[in-house]
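# Coordinates in review
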Amino acid sequence: MSNIELAFLMMAALLVLMSIRIPIALAMLACGAAGYSMIGGVPALLEYLGTAPVSKFSTYDLSVVPLFLLMGELATRSGITAELFKTCNTWIGRQRGGIAMAAVAGCAAFGAICGSSLATASTMGKVALPEMKRLNYSGSLAAGALAAGGTLGILIPPSMVLIIFAVLTEQNISKMFIAAFIPGFLAAGGYILAIAIYVRIYPNAGPRGEKTTLAQKIKSTKDVWHITTIFLIVLGGIYMGIFTPTEAASVGVILTAILAVTHGKMRLDGLLVCLMRTAVSAAMIFFIVLGADLFSVFIALSRLPDLGVELIQNSGLSAYTILVLMLLTYLVMGCFLDSLAMILLTIPIYFPMIMAMDFGIPTADVGIWFGILALIVVEVGLITPPVGMNVFIIKSFDDSLKLKECFKGVIPFLLSDFVRVALLIIFPSITLGLVHLIG
Amino acid sequence: EYTLKLHHMLPPMSMAHSQFLVPWAEKVETESNGRIKIDIYPAMQLGGKPPQLFDQTRKGIVDLSWTVAGYTPGRFPKMTSFELPFIPGSAKATSMALQDYSETEMQDEMKDVHVIALHTHTPGSFHSRDKAIKKLEDLEGMKVRAPNKVMSEAFKSVGANTVFLPVTEMPSALSKGVIDVAVLPFEVVLPMKIYELVKHHTEFKGAGLYTNTFVFSMNNKVYDSMPADLQKVIDNNSGVALAGHIGDLFDNYEVFARKYAVDQGNSFDYIEGAEHARWEKAMAPITSQWVEDMNDDDYDGQRLLDKTKALIKKYEAL
Amino acid sequence: MTVFSADIQRSFLGRLSNIFALTGGFVMLGIAAVTVASIIGRTTIGQSIEGDYEITEMGLAMAVFLFLPVCYVRNGHVIVDLFTAHCKKSTLQTLDITADIVFTVTAFVFAYQMSLSGLEAKDYLEQSMLLELPTWWTFIVGVTSMTLCGLCGLYKLFAAFLGGANE
Ligand code: NA
Ligand code: NA
């Protein structure tokens, strides 16, 4: 059996193991380990197992995940988010699907201070899911909106994946962030539009709330000055250069904790519950990160990505066809791998190819444009079955949710993603305009 | 016959990957008539973090690796003489000196791997956002991202506020002003686009401010298992000559990379002559501290330091 | 009737997992506090906390390890239930026992291999760059947590077999 065949075999095995209720992380570890040992040998595998957990878990960038999880818990537990939702509800609750739209807008706002999709999905999910269930939203719509909304954490700058992309491809990170702005807001807009269409077709999915007066609206808005202040401090701190986006998570946690104690009357027992729930969610995420790492190392060892490149290069297809093919491979890989693993595996191979092709736009622009396109399709992987990290996170907050209904709820948002990617491919200036204007 | 895995930390667009490692692998393949094939895995694709690369080679998880030796502090104490302030010359001379030094002084520290070559980069310089660094006092109170522990101590001793961020955090930290100064060679300034984020550069004429040491090594067992003729192919592509070649690549690339900063219209200041002497004097306690620490650990610090200086001088003269 | 399976949360191992998780939680709070102190320090008196980023990395790794047992005890790991939604209860039980076996073996393999790597890290003086924090500290936490994970797995298996016998 060649290494390539082995790679395909293990992908199939992974699917089988996952479908018979082996936890995702374990399935990835098992298949990755089997494949790795067959190419690299058992001793190398054992060495890897001895060192990988410590090195993978001590990754500075990932510290934002448990910190933002904790921030979400503190805000939820102390009732701060309930107030936030009451405010949203008085303003747009009357609209069908209004709370789901507010949740997407909330994800976009949170995405402006957080560079991680997982952290955005966790925080906003924790906050918004109970509220939507309480207001009789369908589980599908609620889970879909939050899982898709979570991807805004990376689509709207700052963005961990973009930073890694920029380092790998030697792009200017500031320019990449500027380029991500309009596509990021298009994403948020597209998701809101998707909800609007969805509730038109299924009116019961997002029922209307009660009518409110302007006085009520204004009063409820005054109630959320505190959380707004935290948000502005964190956002301002990042943009004024007081702290880095990674450090922002710590600032958010401390400010929310202070608010939870002073305003939300949180005491020790409440804090312990928050810590405990953070522990369960964080462990779930990091265990998958560990499994995905082993699996992606095995895929790298099999040299499957190189084969893909050879096939594409010898195909004699046009630049745009190759671009689309590459983006499609991300969709396939997105079924199994997490975003960072995908970027690390493919960008070193894809990027030089892309830069060598002619798209009719300046080479310097091609790098930025491709980065944004890759970013979007990589993020789509977070909400596609069978491995969709954001969907898992949302599901883990509510045991009554079935994975099937969650993935069903994601469909409208996936469609909106496809439309957006098509637009960005056809009109590169959507991405590049702002870069030329400011950069 | 042999398919070797070469693992390293930098992306494939980097100079080290495209100009040094890939051509090296191709040369070995050609000279062995294809009997040695080398698969290169860039950007830590085979897992782990950069400080673990050396151990991956030692343990045989990969066959070859290239990494920064300073990432594993305490592992190569004798090598640290090359990381002291105002030690390095050109990357070429310093690399040859380092390889020579390791062959005579560091067999014990390097016994767990088969060394292909040790080398250094071209001495680094200051890249500052808002304020040009023209003299020693200018550094006072500035937020400096130090390249390693020794330099962090050195900057602190002259009143700077050192911040140690991961490399990936550096561009955004610099663009927003979380740090004021990055201390790097231009070879890193170019790929990270730092020259677009800062306005001023300060270079040192004469002895370089600092450098980092790199180690390119092969697993012992793999090397030992090779027949003599293939070992010879590896040997022909190892040692002082290779170190000099790598150093030369770094020196040339430094000139190329520096040009981007010039074209950007950034200001350039130079520390030379009497001012250079003031810097050297100010940071001298760091070096004497190093000698003392080495003596405490039963090494002859002064002798190692003198040897380091003498070797660099010797290869500079070539 | 299953006597043990629901009990693991209230068992000694379950409570130990809780303590681990809470410790990890306080470590994360500590990390946040150190980072904020460092930010305040460098913006006011021009001095950040030395090695704050290394403290974050090491603390994060320790916290994540400490979180692992409670996640397993509370069934926090994600499973795909798309294809098994209509299976018989006994089939599901068999599948879940399989998963528990895989988890237990994985945890013990990790614990054993990490103890070897940890010892080696100690011998080779692996440490962080600025503060020279020894890496083996993290390994100790990791090995302990992984061992607890394995023991919890054994407990669940034991409970499942006992429970099955009582049915
Ligand atoms: Na973001
Ligand atoms: Na997916």
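Residues numbered from 1 in each chain as written. Chains lettered and ligands numbered in written order. Predicted model: local features only at pLDDT ≥ 70, side-chain atom pairs only at ≥ 80, totals over all residues. Heavy atoms only, no water.

- By the naming in an unreviewed UniProt entry, chain C is TRAP transporter small permease protein, taken from Marinomonas profundimaris.
- Of the comments in the UniProt record for chain C, the one headed Function (unreviewed entry) reads "Part of the tripartite ATP-independent periplasmic (TRAP) transport system."
- The record held by UniProt for chain C lists under Subunit (unreviewed entry) the comment "The complex comprises the extracytoplasmic solute receptor protein and the two transmembrane proteins." (UniProt positions renumbered as here; feature names shortened; annotations may be inferred.)

- Looking at an unreviewed UniProt entry, chain A carries the name TRAP transporter large permease protein, with the source organism given as Marinomonas profundimaris.
- Quoted verbatim from the Subcellular location (unreviewed entry) field of UniProt, the annotation for chain A is "Cell inner membrane".
- Listed in UniProt under the heading Subunit (unreviewed entry), the comment for chain A reads: "The complex comprises the extracytoplasmic solute receptor protein and the two transmembrane proteins."

## A few points about the overall build of chain A
- Across its full length, chain A holds 22 helices and zero strands.
- For chain A, whose C-alpha radius of gyration is 22 Å, the value lies close to the compact-globule estimate of 22 Å for 439 residues.
- Oriented by its inertia axes, the alpha-carbon framework of chain A measures out at about 70 × 50 × 45 Å.
- Expressed as a percentage of its 439 residues, the buried residues of chain A come to 64%.
- Put simply, 80% of the contacts in chain A that link residues at least 6 apart link residues at least 24 apart.
- Surface summary for chain A: the accessible area is close to 15,000 Å², and the carbon and sulfur share equals 68%.
- Of the side-chain charges in chain A, 25 are positive and 22 negative, and the distance between the mean point of each set is 17 Å. (Helix = DSSP H or I, 4+ residues; strand = E, 2+ residues; numbered from the N terminus. Rg over C-alpha atoms; globule rule 2.2 N^0.38 Å. Buried < 20%, exposed > 50% of the residue type's maximum accessible area, 1.4 Å probe, protein only. Contact = heavy atoms within 4.5 Å. Areas by Shrake-Rupley, 256 points an atom, 1.4 Å probe, with all protein chains shown as cover. Lys, Arg positive; Asp, Glu negative; His and termini not counted. Charge placed at Lys NZ, Arg CZ, Asp CG, Glu CD.)

## Points about the pattern of salt bridges
- Counted under the stated rule, the structure contains 35 salt bridges over all chains.
- Residue K126 of chain A pairs with E73 of chain A through a salt bridge whose shortest N-O separation is 2.4 Å. Here E73 of chain A lies in helix α4 (residues 64-77) and K126 of chain A lies in helix α7 (residues 117-134), a separation of 53 residues in the sequence.
- Exposure remark for K126 of chain A: the relative accessible area of 5% places this residue in the buried category.
- Residue classification places E73 of chain A among the buried positions, given a relative accessible area of 3%.
- Ionic pairing is found between K156 of chain B and E50 of chain C, a salt bridge with its closest N-O pair at 2.1 Å. Of the two residues, K156 of chain B is situated in helix α5 (residues 149-157) and E50 of chain C in the loop between α1 (12-44) and α2 (52-73); the pairing between them involves two chains.
- Judged by its relative accessible area of 31%, E50 of chain C is partly exposed.
- Among the charged side chains, a salt-bridge network with shared partners connects E47 of chain A, D55, R58, K59 and R75 of chain B together with E120 of chain C. (Salt bridge = Lys/Arg side-chain N within 4 Å of Asp/Glu carboxyl O.)

## Describing the sheet that holds strand β9 (residues 200-204) of chain B
Residue and element names in this part refer to chain B.
- The six strands lie next to each other as β7-β6-β8-β5-β9-β11, forming an open sheet whose pairing is mixed. Each edge of the sheet is formed by a strand with only one pairing partner; in this case those strands are β7 (161-163) and β11 (267-271). This sheet shows a mean twist of 25 degrees between the axes of neighbouring strands, independent of strand direction.
- Two strands pair when backbone bridges link them, and β9 and β11 are joined in this way by five bridges, in the parallel orientation. Paired with F204 across the bridge in β11 is I271.
- Its contacts with the sheet put helix α10 (residues 239-263) on β9 and β11, and the angle it makes with β11 is roughly 125 degrees. (Pairing = 2+ DSSP bridges. Axes fitted to C-alpha atoms, helices over the stretch in contact; angles between N-to-C directions.)

## Regarding the nonpolar core
- Counting residues in hydrophobic clusters, the biggest one holds 231 residues, and the most contacted among them are L152, F295, Y330 and F370 of chain A.
- Apart from the residues within four sequence positions on either side, L152 of chain A is in contact with V104, C107, A108, G111, G184, A187, A188 and Y191 of chain A.
- Counting 58 residues, the second-largest nonpolar core is a separate cluster that includes L64, A117, V178 and F214 of chain B. (Core = buried A, V, L, I, M, F, W, Y, C linked by side-chain atoms within 4.5 Å.)

## Points about the interface of chain C and chain A
- The partner chain A presents 52 residues to the 53 residues of chain C that form the contact.
- Summed over both sides, the interface of chain C with chain A buries roughly 5,000 Å², with 81% coming from carbon and sulfur.
- Three residues stand out in chain C for area buried against chain A, namely V78, V80 and F110 of chain C, and they jointly supply 13% of the buried area on that side.
- On inspection of chain C and its partner chain A, the count reaches two salt bridges.
- R21 of chain A is the partner of D96 of chain C in a salt bridge, and the nearest nitrogen-oxygen pair spans 3.1 Å.
- Taken together, the connections running from chain C to chain A amount to six residue pairs in polar contact (both at pLDDT 80 or more).
- Sorting the residues of the side of chain C that touches chain A by element identifies α1, α2, α3 (89-123) and α4 (136-166) of chain C as the ones contributing at least two each.
- In terms of residue count, the dominant contributor to the side of chain C that touches chain A is α1 of chain C (15 residues).
- Looking at side-chain class alone, the side of chain C that touches chain A contains 33 nonpolar, 14 polar and six charged residues. (Buried area = accessible area lost by both parts, 1.4 Å probe. Polar contact = N/O pair within 3.5 Å; in protein donor to acceptor, adjacent residues only side chain to side chain. Nonpolar A, V, L, I, M, F, W, Y, C, P; charged D, E, K, R; others polar.)

## Some thoughts on the packing of aromatic side chains
- Tallied over the entire structure, the rule returns 34 aromatic pairs over all chains.
- Arranged with centres 5.8 Å apart and planes meeting at 80 degrees, the rings of F57 of chain A and F286 of chain A form a pair that is edge-to-face. Residue F57 of chain A is found in helix α3 (residues 42-57), and its partner F286 of chain A is found in helix α15 (residues 268-302); the two are separated by 229 residues along the sequence.
- A relative accessible area of 0% places F57 of chain A in the buried class.
- Here F286 of chain A falls in the buried class, since its relative accessible area comes to 1%.
- Cluster of aromatic residues (ring-pair linked, three or more members): F20, W24, W66, F214, F216 and F250 of chain B.
- We note R58 of chain B situated over the ring of Y124 of chain C; from NZ or CZ to the ring centre the distance is 3.9 Å.
- Here K156 of chain C stacks its cationic end above the ring of Y72 of chain C, 4.2 Å away from the centre of that ring. (Phe/Tyr/Trp six-rings, centres within 6.5 Å; stacked < 30°, edge-to-face > 60°. Lys NZ or Arg CZ within 6 Å of the ring centre and 35° of its normal.)

## A closer look at the UniProt feature "domain: TRAP C4-dicarboxylate transport system permease DctM subunit" (unreviewed entry) in chain A
- Following the UniProt record, one finds the feature "domain: TRAP C4-dicarboxylate transport system permease DctM subunit" (unreviewed entry) at residues 12-430 of chain A.
- Between the C-alpha atoms that bound residues 12-430 of chain A there is a distance of 39 Å. The span itself is 78% helix and 0% strand.

## A look at the sheet that holds strand β1 (residues 2-8) of chain B
Residue and element names in this part refer to chain B.
- Pairing within the open sheet is mixed, and its five strands lie in the order β2-β1-β3-β10-β4. Only two strands of the sheet have a single neighbouring strand rather than two, namely β2 (36-41) and β4 (113-120). For this sheet, the mean inter-axis angle between neighbouring strands, taken without regard to orientation, is 20 degrees.
- In the sheet, β1 pairs with strand β3 (residues 64-68) via three bridges, with the strands oriented parallel. In the strand pairing of β3, H8 is matched with W66.
- Strand contacts of α10: β3, β4 and β10 (213-219), with the helix running at about 35 degrees to β4, the strand carrying the most contacts.

## Looking at the pairing of strand β5 (residues 125-128) of chain B
All names here are of chain B.
- Residues S125 and H127 line one face of β5 and the alternating positions F126 and S128 line the opposite face, and both faces are buried.
- By the bridge criterion, three bridges tie β5 to β9 in an arrangement that is antiparallel. Directly across from H127, in β9, lies its bridge partner H201.

## Focus on the interface of chain C and chain B
- Facing the 16 residues of chain C at the interface are 21 residues of chain B.
- For the pair chain C and chain B, the summed buried surface comes to about 1,800 Å²; carbon and sulfur atoms form 49% of the total.
- Our count for the chain C to chain B interface comes out at four salt bridges.
- Taking the shortest distance from any N to any O, the salt bridge between R58 of chain B and E120 of chain C comes out at 3.6 Å.
- Here the residues of the side of chain C that touches chain B are counted per class, giving five nonpolar, five polar and six charged.

## Details of the pairing of β3 of chain B
All names here are of chain B.
- For β3, the tally of buried residues reaches five of five residues, placing the bulk of the element in the interior.
- The pairing of β3 with β10 spans five bridges and is classified as antiparallel. Note on β10: the bridge partner recorded for V68 is F214.

## Here's the deal with the packing of helix α6 (residues 98-111) of chain A against helix α11 (residues 173-201) of chain A
Residue and element names in this part refer to chain A.
- Two elements in contact, α6 and α11, have axes whose closest approach is 9 Å; the angle formed by their N-to-C orientations is 170 degrees. As far as their axial angle goes, α11 and α6 are roughly antiparallel. Here α6 contributes A100, M101, V104 and A108 to the contact with α11, which in turn contributes A188, Y191, I192, I195 and A196.
- A class-by-class count of the residues in the contact of α6 with α11 yields nine nonpolar, no polar and no charged. (Parallel < 35°, antiparallel > 145°, perpendicular 65-115°, else oblique.)

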